[in-house]
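A structural walkthrough
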Amino acid sequence: MINDKCFDKNCRECPRLSLFLDDVQERYPDYYCRPVPPFGAKEARFLIVGLAPGMHGANRTGRPFTGDYAGVLLYQMLHKHGFANLDHSEAVDDDLILIDCRITNAVKCLPPNNKPVGAEINACNDFLASELRALPSDAIVMVLGGIAHRAVIKALGIRQVEYKFQHAAVHDVGRFRLIDSYHCSRYNINTRRLTEKMFNEVFIKARELLEN
Ligand code: URA
C-alpha cells in the first residue's frame, strides 16, 4: 500500500525499535524518544537524507542531527553554503532556519547501536518514498552513507546494481539528481574517511547542481 504521509509521530511499526525507545525513555525521561520528524520546508529543493537519529542527538532533542556530534560539521557546511541561517544546531527552540533545504532520516527512530536492521529500513521506506514524491522536480538529494543511499534507491523503485554508492558520485535518478557522501559520523570524521575538505567539495557540487 502506498503511504502518502512522509512521517507519523505515533508510528510503532517496528517492535524492536518501539521497545528500545520505551527503554531509553525510562532511562532518560527528558529525552524526546519518538520518531524524529524531517526538518525544513517540504518545498525545499535540497533534501539531505541521514541514517537514523543518534541516541544523545536527534533522539534527545527531536530534530535531525541536533545536539549531536554528527551535526557539527553538517550544520557548519549548511551555513557556509547558504542553506542555514546559523552554523550550529543545539535544540529545537533555537532560531535555526533551513534555507531551501530539508533534512530527513532513512529510519525515523533511534536504532540500538546506530544500526537499523533491513526490516526496519524497509518498514520506514514508504515514508521516504512519499517524501521523495513530494520533492520539486529540480531537486537535489544528498545521501549520507551507503544505507541512506540504498534506502533512497529502494524508495524510488530502481535497480540497486545500476546505482552504486560512491562518495561524491552524482546519479541521475529520473526526476532529480542524487549526490553521495560518506556519513558525517564521529567515526568517519575521526578516522578521516570524511574530511572537512571532502564534505565541502560535495556541498560545492550540490550547490552547483542546484544552480544549473
Ligand atoms: N542524527 C541524525 O538525525 N541522523 C543521522 O544519520 C545521524 C545523527
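Attention in this report is confined to the structure presented alongside it. (Residues numbered from 1 in each chain as written. Predicted model: local features only at pLDDT ≥ 70, side-chain atom pairs only at ≥ 80, totals over all residues. Heavy atoms only, no water.)

**A look at the packing of helix α3 (residues 69-80) against helix α8 (residues 196-211)**
Defined as follows: For helices, the fitted axis covers only the stretch in contact; all axes are lines through C-alpha atoms, and the angles between them, taken along N-to-C directions, range from 0 to 180 degrees. Helix and strand labels come from DSSP, where a helix needs a run of H or I of at least four residues and a strand needs a run of E of at least two; each type is numbered from the N terminus. Here roughly perpendicular refers to angles of 65 to 115 degrees, roughly parallel to angles under 35, roughly antiparallel to angles over 145, and oblique to all remaining angles. By convention, the crossing between two helices is left-handed when the near helix turns anticlockwise from the far helix through less than a right angle, and right-handed when the turn is clockwise. Contacts are residue-level and defined by heavy atoms, with any inter-residue pair within 4.5 Å sufficient. Polar here means any residue other than Ala, Val, Leu, Ile, Met, Phe, Trp, Tyr, Cys and Pro, which are nonpolar, and Asp, Glu, Lys and Arg, which are charged; Gly is therefore polar.
Where α3 contacts α8, the axes come no closer than 10 Å and their chain directions differ by 45 degrees. Taken together, the axis directions place α3 and α8 in an arrangement best described as oblique. Handedness of the α3/α8 crossing: right-handed. In this structure, α3 uses Leu73, Leu74, Met77, Leu78 and Lys80 to contact α8, whose residues at the interface are Glu196, Phe199, Asn200 and Phe203. Along the lines of polarity and charge, the residues of the contact of α3 with α8 split into six nonpolar, one polar and two charged.

**Here we look at the site of the ligand**
We apply this condition: Distances are taken per atom, and a residue is near a molecule or strand as soon as one of its heavy atoms is within 4 Å of it. Throughout this description, a polar contact denotes any pair of N or O atoms lying within 3.5 Å of each other; where both atoms belong to protein, one of them has to be capable of donating a hydrogen while the other can accept it, and for residues adjacent in sequence the pair is counted only when both atoms sit in side chains. We get accessible surface area from the Shrake-Rupley algorithm with a probe of 1.4 Å; when it comes to residues, only the shown protein chains can shield them.
Within the structure, the ligand sits among Gly50, Leu51, Ala52, Pro53, Gly54, Ala58, Pro64, Phe65, Asp68, Asn105 and His183. For the ligand, a nitrogen atom lies 3.0 Å from a polar atom in the backbone of Ala52. In the complex, the protein chains occlude 95% of the 230 Å² of accessible area that the ligand would expose alone. Taken together, the residues of the shell around the ligand sort by class into six nonpolar, four polar and one charged.

**Quick word on the pairing of strand β3 (residues 101-105)**
Using the following cut-off: A 1.4 Å probe rolled over the protein chains alone gives each residue an accessible area, and that area as a share of the maximum for its type sets the label: buried under 20%, exposed over 50%, partly exposed in between. Being paired, for any two strands, means DSSP has found at least two bridges between them.
A large share of β3 lies buried, amounting to five of its five residues. Of the two faces of β3, the one carrying Cys101, Ile103 and Asn105 and the one carrying Arg102 and Thr104 are both buried. Examined bridge by bridge, strand β1 (residues 39-40) and β3 share two bridges and lie antiparallel to one another. Across the sheet, the residue bridging to Phe39 is Ile103, located in β3. Bridge count between strand β2 (residues 46-50) and β3: five bridges; the pairing is parallel. Note on β3: the bridge partner recorded for Val49 is Thr104.

**Describing helix α6 (residues 146-156)**
Because an α-helix packs 3.6 residues into every turn, residues spaced three or four apart end up facing the same way. Listing the buried residues of α6 in full gives Gly146, Ala148, His149, Ala151, Val152, Ile153 and Ala155. Where α6 is buried, its residues touch β2, α4 (118-123), α5 (125-133), β4 (140-144), β5 (170-172) and β6 (177-181).

**Some points on the packing of aromatic side chains**
A ring pair, where both rings are aromatic, is described by two values, the distance of the centres and the angle of the planes. To be explicit about the condition: For this analysis, a ring pair means two rings from Phe, Tyr or Trp (six-membered ring only for Trp) whose centres lie within 6.5 Å, classed as stacked if their planes differ by under 30 degrees, edge-to-face if by over 60, and tilted for the remaining angles.
One pass over the full model with this rule turns up five aromatic pairs. Residues Phe46 and Phe83 carry aromatic rings whose centres are separated by 4.5 Å and whose planes lie at 40 degrees to one another, so their mutual orientation is tilted. With Phe46 in strand β2 and Phe83 in the loop between α3 and β3, this residue pair connects regions lying 37 residues apart in the sequence. As far as burial versus exposure is concerned, Phe46 and Phe83 are alike and both buried. Put simply, the rings of Phe46, Phe83, Phe199 and Phe203 touch in pairs and so form one group of aromatic residues.

**Details of the side chain of Asp180**
For the record, the criterion: Positive residues here are Lys and Arg, negative ones are Asp and Glu, while His and the chain termini are left out of the count. Should a side-chain nitrogen of Lys or Arg be within 4 Å of a carboxyl oxygen of Asp or Glu, the pair is scored as a salt bridge.
Along the chain, Asp180 turns up in strand β6. For the buried Asp180, no salt bridge exists, and the shortest N-O distance to an oppositely charged side chain is 8.8 Å, to Arg150. Looking at Asp180, its side chain comes within polar contact range of the side chain of His149, at 2.8 Å. Within the structure, the side chain of Asp180 is placed 3.0 Å from the backbone nitrogen of Gln166, a separation counted as a polar contact. If we skip the residues at most four places from it in the chain, Asp180 touches Val143, His149, Lys164, Phe165, Gln166, His167, Ala168, Ala169, His171 and Val202.

**Description of the packing of α5 against α6**
Contact geometry of α5 with α6 gives a least axis separation of 9 Å together with a crossing angle of 70 degrees. It follows from the interaxial angle that α5 and α6 lie roughly perpendicular. Contacts between α5 and α6 involve Asn125, Leu128, Ala129 and Leu132 on the former and, on the latter, Ala151, Val152, Lys154, Ala155 and Leu156. Looking at the contact of α5 with α6 residue by residue, the class counts come to seven nonpolar, one polar and one charged.

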